[in-house]
Amino acid sequence: MGSFEGKRGLIFGVANKNSIAWGIAQALAEEGAELGFSYAGEVLQKRVTPLAESVGSRFIEECDVTNDAAIDGLFEKAEKHFGSLDFLVHSIAFAPREDLGGRFVDTSREGFRLALDISCYSLVALAKRAVPLMSEGGSMLAMTYYGSEKVTPNYNVMGVAKAALEATVRYLAWDLGGDQVRVNAISAGPIKTLASAGVSGFRKSLGYVGTVAPMGNVTQTDVGNAARFLLGDWAGKITGEVVYVDGGYNIMGAPDMDTVGG
């Protein structure tokens, strides 16, 4: 019997089988969780539906997280389907491709607004609707990256959005603690996903981190395993934290020049 037997939750951000959100979904399904999935746009429906069905999900709904009415509609359907929720996974991020390369100073106003809205404010919007369905308490988990703390060339506006997301996690943790709802984030190392493909120079970054991190690069499975802990009862008093699942890359001040050259 899995540690999530009888627990229900929503997963936001699965785009395909390589998504970090899918790695988390698989881990939770293995623990017996009942999962609901939300996808962004009709294009992704064909990719997400078979994945969701493969873990027994009967809740697969489209949701535009920039539209409050759409979010309201999604949670109304979720309440009818599940009754209550125990957890929520937020793995949503977006910035225009032209703002994920070149000079950060050239970031467009609209690109900045869009990145912060979709990548950060959406967590607030989803949390607001999820909390009333977590009457017995619950847990929320967001995905972030080390580019929020240290400059990662070409990550640009997404680094700013992730920094805002991490602050949002802390403020939500404070705000929702009285409701016995925990809010944490996983800062994952670079992983080949549909989203990361939009960042200029990603392949080089992946190779570099793989040589610098004490334990090398990480996988969706590694992140999923951490999510089992943070979303589960074993982490009952952990909230407002950013947990690194990056092979130890974040502890390094300088690379071993024997391994990277120089």
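Up top is the structure.
Keep in mind the model is a prediction, meaning the values are calculated, not measured.

Here is what the cut-offs are and how they apply
- Residues numbered from 1 in each chain as written.
- Predicted model: local features only at pLDDT ≥ 70, side-chain atom pairs only at ≥ 80, totals over all residues.
- Heavy atoms only, no water.
- Helix = DSSP H or I, 4+ residues; strand = E, 2+ residues; numbered from the N terminus.
- Buried < 20%, exposed > 50% of the residue type's maximum accessible area, 1.4 Å probe, protein only.
- Contact = heavy atoms within 4.5 Å.
- Areas by Shrake-Rupley, 256 points an atom, 1.4 Å probe, with all protein chains shown as cover.
- Axes fitted to C-alpha atoms, helices over the stretch in contact; angles between N-to-C directions.
- Parallel < 35°, antiparallel > 145°, perpendicular 65-115°, else oblique.
- Left-handed = near helix turned anticlockwise from the far one by under 90°.
- Nonpolar A, V, L, I, M, F, W, Y, C, P; charged D, E, K, R; others polar.
- Salt bridge = Lys/Arg side-chain N within 4 Å of Asp/Glu carboxyl O.

Engineer: Explanation requested: the overall build of the chain in the structure shown.
Structural biologist: Counting secondary structure elements, the chain contains 8 helices and 7 strands. Split into buried and exposed, the 262 residues of the chain put 52% on the buried side. Considering only intrachain contacts with a sequence separation of at least 6, the fraction spanning at least 24 residues in the chain is 75%. For the chain, the exposed surface amounts to about 12800 Å²; the carbon and sulfur share of it is 53%.

Engineer: Help me understand the packing of helix α1 (residues 20-30) against helix α7 (residues 220-231), please; the structure alone is not making it clear to me.
Structural biologist: Two quantities define a packed helix pair, namely the angle between the axes and the distance from one axis to the other. Across the interface, α1 lies against α7 with an axial gap of 8 Å and an inter-helix angle of 55°. Looking at the two axes, α1 sits oblique to α7. Where α1 crosses over α7, the two elements pack in a sense that is right-handed. For the pair α1 and α7, the contacting residues are I20, G23, I24, A27, L28 and E30 in the first and Q220, V223, G224, N225, A227, R228 and L231 in the second. Here the contact of α1 with α7 is composed, by residue class, of 7 nonpolar, 4 polar and 2 charged.

Engineer: Teacher, can you tell me more about the pattern of salt bridges here?
Structural biologist: Two side chains bearing opposite charge may form a pair once their charged atoms approach each other closely. Taken as a whole and assessed by the stated rule, the structure comprises 9 salt bridges. A salt bridge links R8 to E34; its shortest N-O distance comes to 3.7 Å. On the criterion of sequence distance, the pair formed by R8 in strand β1 (residues 8-12) and E34 in strand β2 (residues 34-39) is long-range, its members being 26 residues apart. Looking at R8, the relative accessible area reads 26%, which means it is partly exposed. Measuring nitrogen to oxygen at the nearest pair gives 2.8 Å for the salt bridge that ties R228 to E31. Pair noted here: R228 is in helix α7 and E31 is in the loop between α1 and β2, with a separation of 197 residues, a long-range link. A relative accessible area of 21% places R228 in the partly exposed class.

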